[in-house]
Amino acid sequence: MKRIRIQRWGSQFLAPRTQFRPQCPLRPPQHHLSPFPQPHSCRSQSTSAGDIFPPLDADESAGLSQQDEDVSIPPEALPSPPPSAALKSAKLAALHARLSLPPRLPIQTLARALVHESADPDPNFNNTSLAILGSNLLGLYTSEYLLCHYPRLPISVLFAAQSAYVGTKALALMAHEWGIESVAEPGGEVDPGLLQYRRLAAGAAWGEFAPRGTGRPNEQKGWRRGITSKIVYDDQFGDMRMKTPEPSQPVPLDIAAESFVRALMGATYLHCGRATTKRLFASHWLSRTLDLSKMFEFRTPTVDLSKLCAREGFEPAVARLISETGRASRHPVFVVGVYSGKDKLGEGAGGSIDEARVRAAVMALKSWYLYKPLDVTLPSDAEGMEPTKWKPNLVDLGEVIV
Amino acid sequence: MSALPLTRPMRPLSTKSAPLFLPHLTTRHASSTRRHKKLNIISPAPSYNLSAAPNSTTHSRSAKPSPRAPSATHIIFNPPSAAPSPTITPPKFLPASDPRRALYSSFTAASTRSALQSRTPLIAATGTSLSSPSLLPARPSANLPPPVRGSGTYEKKYHLTDADIAEIRKLRTEDPYTWTRWRLAEKFGCSQFFVSLVVKAPEKAAEVEASHQAARDRWGNRKRMADEDRKRRVASWGR
């Protein structure tokens, strides 16, 4: 399979390069505030003021540097700050340093990642395109991590874990932890280091979007959406795909913050490559603890366990009383173990024999579903890997269906 | 095993050589504090007395632990009682591709061999960590704990014919008040659940539900809240 060259695709997301203008040799050298010195003769990639605003006369253009060009257009007239303002923002530089972002990621792209489409509908200047790429990357890395490390996880728990790692609330919380502050009102004069978006009024309705067709057969009959069909037809969290709102519509803070985090991921991938992006993902997302054993809810665990034993060919599960105390007292404790033949599958303690039996079955089922293999090779690491090094991961039969 | 529930073991007749790993309590308290405290003494864990010979007379309730002078180099494995964690997969649940499966089977084989070679201790209760001095898994000949209900072996019977099924349906639809699920289960040697799968009696079910709801409506606040708490507690068992 031909290797996909993402670098070439990535340039479609950035504004097209305009011709660089020669600077006046008599002007004193400019002191750039960005941490990475750029040669004076080049303009930054993401500057594209020349596309929108009419070109200046030949006399005036000879002596102008990029800073003087922007003076003629008042920043208040622009919907978002010009890219040149990114070099002067202390907040942006602090954010870049605080997140230990690689130097190859330009500060102008970081500024662009902070602009939501509700502040600036122009796709050349907002973070929508970067956010789409970043959202796909986050979804890929999280789902492959969960599927490879926990091959037997039930689908509903998988969806819940996915949204716990990269859902809207999780990403908004991360943006808050990173110290992202938002503007009161977006405009061209605001500090580029602030998250720019049009804020939804308090108490206003949000989230009532029409579902767009998922492609399920017989969708118009209104049948129940099966769990397995969610993998095929719905998004990475198992939710129905909804029609996107209008670009200028005000949004809640969570949506804007989520778009920034996703855009940062996309920008890192485009500018710095796969290895750096994976390192960013590992340090920010995989370092977060998620207790998967607390995400289960069994309605009929004893029935599930007996079906599991029948499916796998084990001897039928039998509950046995391991020990007890205080049977005639106000607070007895019974310890019951579930045995398949002579092997103990799970153990549970409870205030009644029934409770202990049910808890033992729950423990047995959890230890089945939370099985974790020792060695795992992630598919995203396979790019550039020698074919002999690939070890196939365990693909499980699926959860017990009662 | 007998049908009696597990209780604290009775004191054996010879008390000097065999330490008891549970308190000597058959009464709730004794007539003096000194006597009560004496009954509550528990022998130290066997790993503390490993320096002494296994059958010496120093084994008694008053034996002092001497962990500082082990007779040979060894590892003391004496974990506290704790609920097992679901992250530890039982060996039976490991897939064939997992290398830990081979490790478990070789460990079980080695421990079984060593268990069969050593002497049987006087106390050999399965399941409790204080019972065996070496804290290895139970002997192969040891009995499993008693089953919670039934005899432990559960064989499904497929003895009912189509004629029997039709008979069940006929009897229940004719007179659900005489031919209840319980009576039909007794008559045909199956479970009540199976009878409910075969035939439903919706009118009787609605009447029973209505009478139950009427009883629930007569409850006071306290009983209703206690019932709600019980339902919530039962739901929490599944998490």
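Keep in mind that what you see is a predicted model, and the values were worked out from it rather than measured.

Rules behind the numbers
- Residues numbered from 1 in each chain as written.
- Chains lettered and ligands numbered in written order.
- Predicted model: local features only at pLDDT ≥ 70, side-chain atom pairs only at ≥ 80, totals over all residues.
- Heavy atoms only, no water.
- Helix = DSSP H or I, 4+ residues; strand = E, 2+ residues; numbered from the N terminus.
- Contact = heavy atoms within 4.5 Å.
- Areas by Shrake-Rupley, 256 points an atom, 1.4 Å probe, with all protein chains shown as cover.
- Salt bridge = Lys/Arg side-chain N within 4 Å of Asp/Glu carboxyl O.
- Buried < 20%, exposed > 50% of the residue type's maximum accessible area, 1.4 Å probe, protein only.
- 1 Å grid on protein atoms, 1.4 Å probe; cavity = no way out; pocket = protein on both sides within 12 Å on 5 of 7 lines; lining within 4 Å.
- Points joined across faces, edges and corners; volume = space filled by probe spheres on them.
- Nonpolar A, V, L, I, M, F, W, Y, C, P; charged D, E, K, R; others polar.
- Domains from an automatic or database assignment.
- Buried area = accessible area lost by both parts, 1.4 Å probe.
- Polar contact = N/O pair within 3.5 Å; in protein donor to acceptor, adjacent residues only side chain to side chain.
- Expected span 1.5 Å × (residues − 1).
- Arc of directions from axis to C-beta.
- UniProt positions renumbered as here; feature names shortened; annotations may be inferred.
- Pairing = 2+ DSSP bridges.
- Core = buried A, V, L, I, M, F, W, Y, C linked by side-chain atoms within 4.5 Å.
- pLDDT = per-residue confidence, 0-100.

Trainee: Would you mind going over the overall build of chain B with me for this structure?
Mentor: Per the secondary structure count, chain B includes 7 helices and 0 strands. In chain B, the succession of α and β elements from N to C terminus is α-α-α-α-α-α-α. Nonlocal contacts in chain B, meaning residues at least 24 apart in sequence, comprise 38% of its contacts between residues at least 6 apart. In the form shown here, chain B has an accessible surface area of approximately 18,200 Å², with 59% of it arising from carbon and sulfur atoms.

Trainee: Is there a simple way to think about the pattern of salt bridges in this case?
Mentor: Where charged atoms from two side chains of opposite charge approach closely, those side chains can pair. Residue and element names in this part refer to chain A. Inspection of the entire model under this criterion finds 23 salt bridges over all chains. Of the charged contacts, one joins Glu-181 and Lys-91 as a salt bridge, the two residues approaching to 3.2 Å between their closest N and O atoms. Taken together, the residues Glu-181 in the loop between helix 9 (168–177) and helix 10 (227–233) and Lys-91 in helix 5 (residues 90–98) connect sequence positions 90 residues apart. Among the residues examined, Glu-181 registers a relative accessible area of 45% and is labelled partly exposed. As a salt-bridge pair, Lys-278 and Glu-144 come within 3.5 Å of each other at their nearest N and O atoms. Here Lys-278 is found in helix 12 (residues 274–286), whereas its partner Glu-144 is found in helix 7 (residues 128–149), with 134 residues between them in sequence. For the pair Lys-278 and Glu-144, one class covers both residues: buried. Each of the salt bridges in this network shares a partner with another, and the network as a whole consists of Glu-144, Lys-278 and Asp-381.

Trainee: I keep staring at empty space enclosed by the protein and nothing clicks. Help me out?
Mentor: All names here are of chain A. The tally for this structure, following the rule as stated, stands at 4 cavities of 30 Å³ or more. Its boundaries defined by the atoms lining it, the largest cavity holds a volume of some 150 Å³. Lining the largest cavity are 14 residues, and of these Pro-81, Pro-83, Gln-108, Ala-111 and Arg-112 sit closest to its centre. Grouping the amino acids of the lining of the largest cavity by side-chain chemistry returns 8 nonpolar, 5 polar and 1 charged.

Trainee: Would you take a moment to explain the domain arrangement of chain B for this structure?
Mentor: Interfaces are frequently sized by the accessible area removed from exposure as the parts join. Residues and elements named next belong to chain B. For chain B, the assigned domains read domain 1 (159–200) and domain 2 (201–238). Taking only C-alpha atoms into account, the centre of domain 1 sits 26 Å from that of domain 2. Of the roughly 420 Å² buried between domain 1 and domain 2 on both sides combined, carbon and sulfur atoms contribute 57%. Among the residues domain 1 hides against domain 2, the three largest losses belong to Pro-176, Tyr-177 and Lys-200. Together they make up 80% of the total. There are 1 residue pair in polar contact (both at pLDDT 80 or more) connecting domain 1 and domain 2. Considering only residue class, the side of domain 1 that touches domain 2 consists of 3 nonpolar, 1 polar and 2 charged.

Trainee: What is the right way to read helix 13 (residues 301–312) of chain A from this model?
Mentor: Because an α-helix packs 3.6 residues into every turn, residues spaced three or four apart end up facing the same way. Residue and element names in this part refer to chain A. Between its first and last C-alpha atoms helix 13 spans 16 Å; for 12 residues at 1.5 Å apiece the expected length is 16 Å, and the two agree. When helix 13 is considered as a whole, its buried residues turn out to be Pro-301, Asp-304, Leu-305, Leu-308 and Cys-309. On an axial view of helix 13, the arc spanned by its buried residues comes to 135°, and they lie on one face. Next to the buried residues of helix 13 lie strand 1 (317–325), strand 2 (333–340), strand 3 (343–350) and helix 14 (353–369). The positive-phi residue at the C-terminal boundary of helix 13 is Gly-313, with phi of around 80°.

Trainee: Help me understand the layout of surface pockets, please; the structure alone is not making it clear to me.
Mentor: Over the atoms a probe the size of a water molecule is rolled, and this reveals where empty space is left. If you add up the space inside the second largest pocket, you get close to 1,700 Å³. Along its surface, the second largest pocket is lined by 39 residues, and Ser-306, Pro-316 and Ala-317 of chain A together with Tyr-154 and Lys-156 of chain B are the ones closest to its centre. Residue assignment for the lining of the second largest pocket shows that the elements contributing at least two residues are helix 13, strand 1, strand 2 and helix 14 of chain A together with helix 5 (192–198) of chain B. No other element matches helix 13 of chain A, which puts 7 residues into the lining of the second largest pocket. In the lining of the second largest pocket, the residues fall into 21 nonpolar, 10 polar and 8 charged.

Trainee: Just checking my understanding: could you explain the UniProt feature "domain: RNase III" (unreviewed entry) in chain A for this structure?
Mentor: UniProt marks residues 92–180 of chain A with the feature "domain: RNase III" (unreviewed entry), using the numbering shown here. Between the end C-alpha atoms of residues 92–180 of chain A there is a gap of 10 Å, over a span that is 65% helix and 0% strand.

Trainee: Hey, could you run me through the interface of chain B and chain A in this one?
Mentor: On the chain A side, the residues contacting the 30 residues of chain B number 45 residues. Area buried by chain B at its contact with chain A is led by Lys-92, Phe-93 and Trp-237 of chain B, which between them contribute 26% of it. For the pair chain B and chain A, the interface holds 2 salt bridges. Across the pair Glu-297 of chain A and Arg-239 of chain B runs a salt bridge, and its minimum N-O distance is 3.6 Å. For the interface between chain B and chain A, the tally reads 11 residue pairs in polar contact (both at pLDDT 80 or more). For the side of chain B that touches chain A, the class distribution of residues is 17 nonpolar, 7 polar and 6 charged.

Trainee: It is not clear to me how the environment of Glu-324 of chain A should be interpreted in this structure. Could you clarify?
Mentor: Residue and element names in this part refer to chain A. Within the secondary structure layout, Glu-324 lies in strand 1. Accessibility expressed as a relative area gives 17% for Glu-324, which makes it buried. Within the structure, Glu-324 has its side chain in polar contact with the side chain of Arg-327 (distance 3.0 Å).

Trainee: Please clarify how the pairing of strand 3 of chain A should be interpreted in this entry.
Mentor: Along any regular strand, the residues point their side chains to alternate faces of the sheet. Residue and element names in this part refer to chain A. Of the pairings in the sheet, the one linking strand 2 to strand 3 comprises 7 bridges and is antiparallel in character. Residue pairing for strand 3: Val-335 is matched across the bridge by Ala-349. Where strand 2 folds back on strand 3, the antiparallel hairpin that results is connected by 2 residues, among which Gly-341 adopts a positive phi of roughly 70°.

Trainee: Would you explain the nonpolar core in this entry?
Mentor: The nonpolar side chains of a soluble globular protein tend to be buried with one another. If you look at the biggest cluster of nonpolar residues, it comprises 72 residues, and the most contacted ones within it are Trp-178, Phe-260 and Trp-285 of chain A. Residue assignment places this core across two domains, with domain 2 (101–294) and domain 3 (298–371) of chain A each supplying three or more. Leaving out residues up to four positions away in the same chain, Trp-285 of chain A has contacts with Leu-138, Tyr-165, Val-166, Leu-171, Met-174, Trp-178, Val-261, Met-265 and Leu-280 of chain A. Ile-165, Ile-168, Trp-179 and Val-195 of chain B belong to the second largest nonpolar core, which has 11 residues in total.

Trainee: What is the right way to look at the confidence of the model for chain B in this model?
Mentor: Residue and element names in this part refer to chain B. When the pLDDT values of chain B are averaged, the result is 78; 67% of them are 70 or greater. Ranking the elements of chain B by mean pLDDT puts helix 2 (residues 100–117) last with 83 and helix 7 (residues 221–237) first with 97. Counting contacts from residues 1–15, a segment whose pLDDT is below 50, to residues more than four positions away or on other chains yields 14 contacts. Every residue in residues 55–61 is under pLDDT 50, and counting partners more than four places away or in other chains gives 14 contacts.

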